[in-house]
Amino acid sequence: MTGRLSRRALLGGATALLAAPALAAGPRGARVVIVGGGFGGATAARYLRRAMPELRITLVEPNRVHVTCPGSNAVIGGLEPLSRLEHGYDRLRSRFGIEVVHDAAVAIEGERRRVRLGGGAEIAYDRLIVSPGIDLRWNEIEGYGEAAALTMPHAWKAGEQTALLRRRLEAVEDGGVVIIAAPGNPFRCPPGPYERAGLIAWHLSRTRKGCKVLILDAKDSFSKQALFQEGWKALYGDMIEWVSGASNGRVVRVNAAEGWVETDFDRFTPALANIIPPQGAGRIAVAAGLAEAGGFCPVDPATFESRRIPGIHVIGDSCIAGEMPKSASSANNQAKIAAAAVAASLAGQGFASVKAINVCYSLLAPDYGISVAGVYDVADGRRAGVAGSGGVSPLGADAHARKTEAEYAVGWYAGICADAWGG
Amino acid sequence: MRSLAAFMALVVMAAALPARAEAPVRLMAETCLACHSPELHSTIPTLAGRPAGDLLRLLLAFRDGSRAATIMDRIAKGYSREELGAIAGELAGKGERP
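Throughout, a residue's number is its position along its own chain's written sequence, starting from 1. Chains carry letters and ligands carry numbers; both start at the beginning, A for chains and 1 for ligands, and go up in the order they are written. Totals for whole chains, interfaces and linings use all residues, but because this is a predicted model, local features are given only for residues with pLDDT of at least 70 and pairs of side-chain atoms are given and counted only at 80 or more. Note: side-chain values were computed over all heavy atoms of the structure, leaving out hydrogens and water.

**Some remarks on the overall build of chain A**
Our working rule: Counting from the N terminus, the helices are DSSP H or I runs at least four residues long and the strands are E runs at least two residues long. Contacts between residues were defined by any pair of non-hydrogen atoms, one from each residue, lying within 4.5 Å. The Shrake-Rupley method, run with a 1.4 Å probe sphere, supplies the accessible areas, and residue values consider only the shown protein chains as cover.
Looking only at helices and strands, chain A features ten helices and 25 strands. Put simply, 66% of the contacts in chain A that link residues at least 6 apart link residues at least 24 apart. Roughly 16,600 Å² of accessible area belongs to chain A as shown, and the carbon and sulfur atoms make up 50% of that amount.

**Topic: the sheet that holds strand 8 (residues 122-124) of chain A**
Residues and elements named next belong to chain A. Defined as follows: When DSSP locates at least two bridges between a pair of strands, those strands are taken to pair. Angles shown run from 0 to 180 degrees and are taken between the N-to-C directions of axes, each axis being a line fitted to C-alpha atoms and, for helices, limited to the stretch in contact.
In spatial order, the strands read 6-7-8; together these three strands make up an open sheet with antiparallel pairing. Taken across any chain shown, the strands that pair with only one partner, and hence form the sheet edges, are strand 6 (105-109) and strand 8. In this sheet, adjacent strand axes meet at a mean angle of 20 degrees when their direction is disregarded. Pairing of strand 7 (residues 114-117) with strand 8, which is carried by three bridges, proceeds in the antiparallel orientation. Opposite Arg-114, over in strand 8, you have Ala-124 as the bridge partner.

**Description of the state of the cysteines**
Joining two cysteines, a disulfide is a covalent bond between their sulfur atoms. All names here are of chain A. How we decide: Only a pair of cysteine sulfur atoms within 2.5 Å counts as a disulfide in this structure description. The cut-offs for exposure are 20% and 50% of the maximum accessible area for each residue type, with area from a 1.4 Å probe on protein chains only; residues under the lower value are buried, those over the upper are exposed, and the others partly exposed.
Scanning the entire structure with this criterion turns up zero disulfides over all chains. As a non-bridged cysteine, Cys-297 has Cys-319 as the owner of its nearest cysteine sulfur, 7.7 Å distant. Looking at Cys-297, the relative accessible area reads 0%, which means it is buried. Distance from the sulfur of Cys-360, which forms no disulfide, to the nearest cysteine sulfur (Cys-189) is 6.2 Å.

**Regarding the pairing of strand 12 (residues 212-217) of chain A**
Residue and element names in this part refer to chain A. Here is the rule we go by: Every crossover in which the path from the first strand over the helix to the second runs clockwise, viewed with the strands pointing away from the viewer, is termed right-handed.
Extensive coverage of strand 12 is indicated by the burial of five of its six residues. As judged from the six bridges shared by strand 11 (residues 177-182) and strand 12, these two strands associate in the parallel manner. By the bridge assignment, Ile-179 is partnered in strand 12 with Leu-214. Handedness of the strand 11-helix 6 (residues 192-207)-strand 12 crossover: right-handed. Where strand 12 meets strand 13 (residues 240-243), four bridges bridge the pair, whose relative direction is parallel. Across the sheet, residue Leu-214 finds its bridge partner in strand 13, namely Glu-241. Following the backbone out of strand 12, through helix 7 (residues 225-236) and into the adjacent parallel strand 13, one traces a crossover that is right-handed.

**Some points on the pattern of salt bridges**
All names here are of chain A. Our working rule: For this document, the term salt bridge refers to a Lys or Arg side-chain nitrogen within 4 Å of an Asp or Glu carboxyl oxygen.
Overall, the coordinates contain 29 salt bridges over all chains when judged by the stated rule. As a salt-bridge pair, Arg-93 and Asp-90 come within 3.7 Å of each other at their nearest N and O atoms. With Arg-93 and Asp-90 both in helix 4 (residues 90-94) and three residues apart, this pair spans about one turn of that helix. Where Asp-317 meets Arg-188, a salt bridge forms, and the shortest distance between an N and an O atom there is 2.5 Å.

**A look at the sheet that holds strand 14 (residues 253-255) of chain A**
Residues and elements named next belong to chain A. If you trace the three strands from one edge of the open sheet to the other, you get 14-15-16, paired in antiparallel fashion. The open sheet is flanked by strand 14 and strand 16 (267-268), the only strands paired with a single partner. Inspection of the sheet shows strand 15 (residues 260-262) paired to strand 16 by two bridges, in the antiparallel sense. Within the sheet, the bridge partner assigned to Glu-262 lies in strand 16 and is Arg-267.

**Quick notes on the packing of aromatic side chains**
Residues and elements named next belong to chain A. So the rule is basically this: Side-chain rings of Phe, Tyr and Trp, where Trp is taken by its six-membered ring, are said to pair if the distance between their centres is within 6.5 Å; with planes under 30 degrees apart they count as stacked, over 60 as edge-to-face, and otherwise as tilted. Charge-over-ring contacts are defined here by two conditions on Lys NZ or Arg CZ: a distance within 6 Å of the ring centre and an angle within 35 degrees of the ring normal.
Inspection of the entire model under this criterion finds eight aromatic pairs over all chains. Between Phe-39 and Trp-421, the aromatic rings sit 4.9 Å apart at their centres with planes inclined by 65 degrees, giving edge-to-face as the arrangement. One end of the pair, Phe-39, is in helix 2 (residues 39-51); the other, Trp-421, is in helix 10 (residues 399-421), with 382 residues separating them in the sequence. Across this residue pair, the class does not change: Phe-39 and Trp-421 are buried. Feature note: the residues Tyr-194, Phe-222, Phe-228, Trp-232 and Trp-242 constitute an aromatic cluster, connected by ring pairs. Its end group placed over the ring of Trp-202, Arg-206 keeps NZ or CZ at 4.1 Å from the ring centre. Over the ring of Phe-296 we find Lys-326; its NZ or CZ atom is 3.9 Å from the centre of that ring.

**Thoughts on the packing of helix 5 (residues 160-170) of chain A against helix 6 of chain A**
Residue and element names in this part refer to chain A. Let me state the cut-off plainly: Between 65 and 115 degrees an angle is taken as roughly perpendicular, under 35 as roughly parallel, over 145 as roughly antiparallel, and anywhere else as oblique. Each crossing gets its handedness from the near helix: less than a right angle anticlockwise from the far helix is left-handed, clockwise is right-handed. Each residue gets one of three labels, nonpolar for Ala, Val, Leu, Ile, Met, Phe, Trp, Tyr, Cys and Pro, charged for Asp, Glu, Lys and Arg, and polar for the others, Gly among them.
Running from amino to carboxyl end, helix 5 crosses helix 6 at an angle of 40 degrees, the nearest separation of the two axes being 11 Å. Taken together, the axis directions place helix 5 and helix 6 in an arrangement best described as oblique. Classified by chirality, the crossing of helix 6 by helix 5 is right-handed. In contact with Leu-165, Arg-166, Leu-169 and Glu-170 of helix 5, helix 6 contributes Arg-196, Ile-200, His-203 and Leu-204. Class assignment for the residues of the contact of helix 5 with helix 6 results in four nonpolar, one polar and three charged.

In short, the description is geometric, and any link to function would need to be established separately.
Now the structure itself:
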């Protein structure tokens with residue numbers, strides 16, 4: 001009798017367990033809030049919808065149009081108009097049933113599980129995904145505050161700043177020197193400053209005479225360095241010069257009104273200065289207490305759940321993802337992983353860690369592309385590259401290979417934007 | 001009781017396994033869609049509608065270097081044969097996206 005009862009209870013239990021995947025449709029009333037509508041947040045919204053058709057999903061993003069950083073160096077170089085980088089939220093609303101709230105998240109109360117918006121409203125959540133990108137650390141380079149950025153653009157958040165740097169570049173005359181100040185690690189888009197150098201040189205070499213691009217770097221090495229230097233030489237001769245941190249390349253002070261840039265020992269007065277300042281996690285992540293002293297947010301590398309506040313996942317440029325670079329590609333893949341982890345958690349299921357990838361293309365000219373790729377697994381509590389995988393395009397490849405990668409760069413951009421914002 | 005416990009363990013495993021095994025494979029396969037968009041015609045080939053066997057043969061050829069590639073060789077080397085098999089199967093089973 002006992003056995004029979006147990007067996008019946010057991011079968012009931014088994015039925016419940018077998019039915020468990022259906023719970024992935026979402027427990028009634030569950031709500032996930034996503035802060036930030038860039039590559040991380042938009043992808044997370046979309047893939048959460050895929051996993052849980054009934055879930056209430058709210059995306060909080062102050063801007064009605066997102067302007068992507070990927071592609072922005074091509075705009076600066078004059079290859080494309082800025083409008084090509086704009087992505088709205090209509091398809092997330094209409095095709096995927098995402099509530100999009102155009103407001104800024106100004107506070108997060110982890111214990112009450114609430115997000116407060118700039119307009120005063122509070123939104124309760126069961127799980128929160130935070131993907132606010134970066135914040136620029138003003139005045140860490142002496143004299144480089146928000147006002148200085150109107151004269152010496154950073155263009156490290158795309159939009160107005162991208163357009164400003166493009167306009168300023170168009171005003172550079174024959175013989176002008178353009179300085180790019182590159183920050184120390186970690187920062188958004190490790191190959192970005194060097195792609196920018198190439199595309200600025202492309203513009204200047206076609207339209208001006210005797211110009212120069214001088215990269216003043218806080219670092220002693222950089223992403224895809226040998227490939228960039230090989231390509232610069234082949235395409236632009238000695239037009240691009242890179243000064244390492246060890247060779248006194250770190251910019252410590254600027255004066256936007258007088259137009260000069262200083263390292264410890266030298267002062268430069270270029271035709272145009274593009275200052276890329278040090279960065280930290282997006283403001284809301286820091287305000288919520290998700291960041292550590294270094295400025296970025298520690299997370300469980302398997303689920304991207306915050307190590308500081310339970311119930312909150314931090315993805316994209318704001319999180320510390322081990323060896324994964326701060327890139328759109330990383331943010332996109334982290335978003336899929338976090339969305340799956342959130343869905344599993346809401347459905348009361350376990351979650352197994354999964355490998356993640358990063359793919360970044362850089363252009364040195366419109367028909368000259370190079371790439372870096374990596375596959376990252378969880379090992380010893382962090383995301384680390386899988387041995388034998390990943391790496392950069394080969395040195396010494398022929399023009400056809402570079403052109404093919406430039407074409408793939410275009411396809412990569414179209415694909416990842418469709419993946420995030422819904423085509 | 002012991003056999004009951006064993007039976008219970010089996011049922012629990014059988015019930016729990018598909019749900020847990022499913023997520024990582026689907027998740028791994030979704031990784032590919034960032035570049036290989038099923039919604040666009042771009043310079044990067046779509047994977048939609050390609051049989052699992054064809055996809056797996058390609059992935060293994062990228063992995064062992066027998067097929068020339070720009071980037072897929074570097075990515076395929078990060079996965080085991082079993083993982084590539086599971087990814088190929090998942091991608092082949094995919095129709096249109098929601």
